[in-house]
Amino acid sequence: MNDRWKIIIGIIIFIIIFTIPLWLNIANKVDTDVPELVLPLGYTECIASTEYMRAYHMDILDEWRDKVVRQDVRMFNFKGEILEMSLSKTCMKCHDNKQNFCDRCHNYFGVHPYCWDCHTAPEEIKKKFATKENLKLLNDNTNNSDKEGR
Amino acid sequence: MDRRKFISLLTGTAAIGVVGKLGFEITAKSEIIKNADKNLDGKRWAMAIDLFKLKKENTYLSCIEACHQAHNVPDILDKNHEIKWIWREKYKHAFIEQEHKNLPDKITTLPVLLLCNHCDRPPCVNVCPTQATWRRNDGIVMMDWHRCIGCRYCIAACPYGSRSFNFVEPKPLIHNITDEFPARTRGVVEKCTFCAEYIVKGEYTKPPDCVSASKGAIVFGNLNDKTSEVYKILTSKFSIRRKPELSTEPEVYYIIEGEEV
């Protein structure tokens, strides 16, 4: 057992390296609290319970996607109210702030859903970035960056 | 039975088998044609475009504007990257095989609106490796942008140039972006969907946007319904289709009969 100290020092070094993300986060004072979501004002309930939505909202959206696009079923009944299965037309009409709702949680968990590559968030509608005036400029920028990218 | 007879019997049977199978395959209708003829919903959405009416007051421009606005089609000025759902083309380019140099000017100067023909036998559907595009039971050639992997086989297959590929990120180039319809992302193919998003339980809640903006120049409806307006127009006026010789059976008809402008 002459190597006892070597082994112990090795284990200590291993533990330090293995847990280094924790120490770095503490040193950088990274906020690790569960994010506070801003819930929409004036609404008391979603289409399912909070716990269910928190765990399975992505499954609901997947199901809606398949039903709307491929099976041509567009509406669903929520307590007698006929609603459209639509992320931007139904969900985001109540949850009208993507940054304070979707993004906070997604960023916290480090997930990057690609819904918003195509679907429009309420913020984007308000911005309306392409106007007839700046369209030419935007076009030029896009083309240039595209050429640089290759 | 000697060895010689046995071998000739064997090859003879094999030959009959091969020839019979080939003959069966040729005579049997292919899967595509079978699907084209079958219509489970009893519906066949089709469009008739009256070119003379379309020319009046440049109506075709408002049709394009209405469609591209409603469907978040970006205004890309670079011709190599542009996205088109419905666009204007010269007569001689739209109907190459029906053009000759002695045609009257009133015909050759007609603006022709081109869009996806929603073929009965769509070549784009045959080649799509992910079934991101498929033919619905009511005849609409639909697209699922979630599934498109951007291989562009469909662009190569479509004889009408109806499909566009997003070479650049389209979202920043959309004029007055709307949340009524999704935008697309870089790397997917897109095209006209006959405004399938307006269909609820098999019926249109409102006509397609180009039809609404056309001041009666475009007639849209169920071709299987003998009382529909589109059926009446097609059975009473002379109409042509693009590249009928390819037997893709396009369902967008162009009426070139009517009052002169």
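No experiment lies behind these values; they were computed from the predicted model shown. (Residues numbered from 1 in each chain as written. Chains lettered and ligands numbered in written order. Predicted model: local features only at pLDDT ≥ 70, side-chain atom pairs only at ≥ 80, totals over all residues.)

1. Notes on the overall build of chain A
Thought 1: Counting its regular elements, chain A contains 8 helices and 2 strands.
Thought 2: Taken from the N to the C terminus, the helices and strands of chain A come in the order α-α-α-β-β-α-α-α-α-α.
Thought 3: Relative to its full complement of 150 residues, chain A shows a buried share of 11%. (Helix = DSSP H or I, 4+ residues; strand = E, 2+ residues; numbered from the N terminus. Buried ≥ 20, exposed ≤ 12 C-beta atoms within 10 Å, placed from the backbone.)

2. Looking at the overall build of chain B
Thought 1: The helix and strand tally for chain B stands at 10 helices and 12 strands.
Thought 2: Dimensions along the principal axes, computed over C-alpha positions, put chain B at roughly 85 × 45 × 40 Å.
Thought 3: With 261 residues in all, chain B has 37% of them scored as buried.
Thought 4: Within chain B, residue pairs in contact and separated by at least 24 positions form 66% of the contacts whose partners lie at least 6 positions apart. (Contact = placed C-beta atoms within 7 Å.)

3. Quick notes on the pairing of strand E1 (residues 75-78) of chain A
Residue and element names in this part refer to chain A.
Thought 1: Strand direction decides the pairing type here: E1 and strand E2 (residues 81-84), joined by 4 bridges, are antiparallel. Counted as the bridge partner of phenylalanine 78 is glutamate 81 from E2.
Thought 2: Linking E1 to E2, which pair antiparallel, is a turn of 2 residues; within it lysine 79 sits at a positive phi near 50 degrees. (Pairing = 2+ DSSP bridges.)

4. Side note on the environment of B:Phe181
Thought 1: Relative to the assigned elements, B:Phe181 resides in the loop between strand E6 (164-165) and strand E7 (189-190).
Thought 2: Residues in contact with B:Phe181, not counting those within four places in the same chain, are B:Ala70, B:His71, B:Asn72 and B:Glu197.

5. As for the interface of chain B and chain A
Thought 1: Contacts between the two partners involve 23 residues from chain B, matched on the other side by 26 residues from chain A.
Thought 2: Class assignment of the residues belonging to the side of chain B that touches chain A gives a composition of 12 nonpolar, 4 polar and 7 charged. (Nonpolar A, V, L, I, M, F, W, Y, C, P; charged D, E, K, R; others polar.)

6. Topic: the confidence of the model for chain B
Any segment with low pLDDT has predicted coordinates that should not be analysed in fine detail.
Thought 1: Per-residue pLDDT for chain B has a mean of 89; in total, 93% of the residues score no lower than 70.
Thought 2: Confidence estimates for the predicted assembly give a pTM of 0.78 and an ipTM of 0.78. (pLDDT = per-residue confidence, 0-100.)

7. With respect to the nonpolar core
All names here are of chain B.
Thought 1: Met47, Ile49, Cys63, Ile86, Leu113, Leu115 and Ile218 are the most contacted members of the largest nonpolar core, which totals 61 residues.
Thought 2: Elements that contribute at least two residues to this core include exactly strand E1 (45-50), helix H3 (51-55), helix H4 (59-70), strand E3 (111-115), strand E5 (141-143), helix H9 (209-212), strand E10 (218-222) and strand E12 (252-255).
Thought 3: Those residues in contact with cysteine 63 that lie beyond four places of it in its chain are Ile86, Leu113, Cys210, Ala213, Ser214 and Ile218. (Core = buried A, V, L, I, M, F, W, Y, C linked by C-beta atoms within 7 Å.)

8. A few points about unusual backbone geometry
In terms of backbone geometry, most residues other than glycine have negative phi values and most peptide bonds are trans.
Residues and elements named next belong to chain B.
Thought 1: Look at asparagine 72: it is not a glycine, yet its phi comes out positive at around 55 degrees.
Thought 2: As for its position among the elements, asparagine 72 is in the loop between H4 and strand E2 (86-90).
Thought 3: Accessibility expressed as a C-beta count within 10 Å gives 23 for asparagine 72, which makes it buried.

9. Examining the pairing of E1(B)
Residue and element names in this part refer to chain B.
Thought 1: For E1, a buried count of 6 out of 6 residues is recorded, marking the element as mostly surrounded by other parts of the structure.
Thought 2: Because side chains alternate across E1, one face comprises the buried residues Trp45, Met47 and Ile49, and the other comprises Ala46, Ala48 and Asp50, equally buried.
Thought 3: Of the pairings in the sheet, the one linking E1 to E10 comprises 5 bridges and is antiparallel in character. Each residue of the ladder has a partner; that of isoleucine 49, found in E10, is isoleucine 218.
Thought 4: Here E1 runs beside E12; their pairing, made up of 4 bridges, is parallel. What sits directly across from methionine 47, in E12, is valine 252.

10. Focus: H4(B)
Residues and elements named next belong to chain B.
Thought 1: Look at H4: 17 Å from first C-alpha to last across 12 residues, which is about the 16 Å you get at 1.5 Å a residue.
Thought 2: All buried positions along H4 are accounted for by Tyr60, Cys63, Ile64, Cys67, His68 and Ala70.
Thought 3: The elements touched by buried residues of H4 are H3, E2, E3, H9 and E10.
Thought 4: Count one or two residues on from H4 and you reach asparagine 72, which has phi positive near 55 degrees. (Expected span 1.5 Å × (residues − 1).)

11. Concerning the environment of B:Tyr91
Residues and elements named next belong to chain B.
Thought 1: Tracing the chain through its elements places tyrosine 91 in helix H5 (residues 91-94).
Thought 2: Once the C-alpha coordinates of tyrosine 91 and arginine 3 are considered, the two residues, 88 residues apart in sequence, prove to be 71 Å apart.
Thought 3: Ignoring sequence-local partners within four residues, the contact set of tyrosine 91 consists of Glu99, Ile107, Thr108, Leu110 and Val112.

12. Points about the sheet that holds strand E11 (residues 239-240) of chain B
Residue and element names in this part refer to chain B.
Thought 1: A sheet is described by the order of its strands in space; here 4 strands give the open sequence E10-E1-E12-E11, paired in mixed fashion. The sheet is open, and its two edges are formed by E10 and E11, each paired on a single side.
Thought 2: Where helix H10 (residues 229-236) meets the sheet, it contacts E1, E10, E11 and E12, and its direction lies at approximately 115 degrees from that of E10. (Axes fitted to C-alpha atoms, helices over the stretch in contact; angles between N-to-C directions.)

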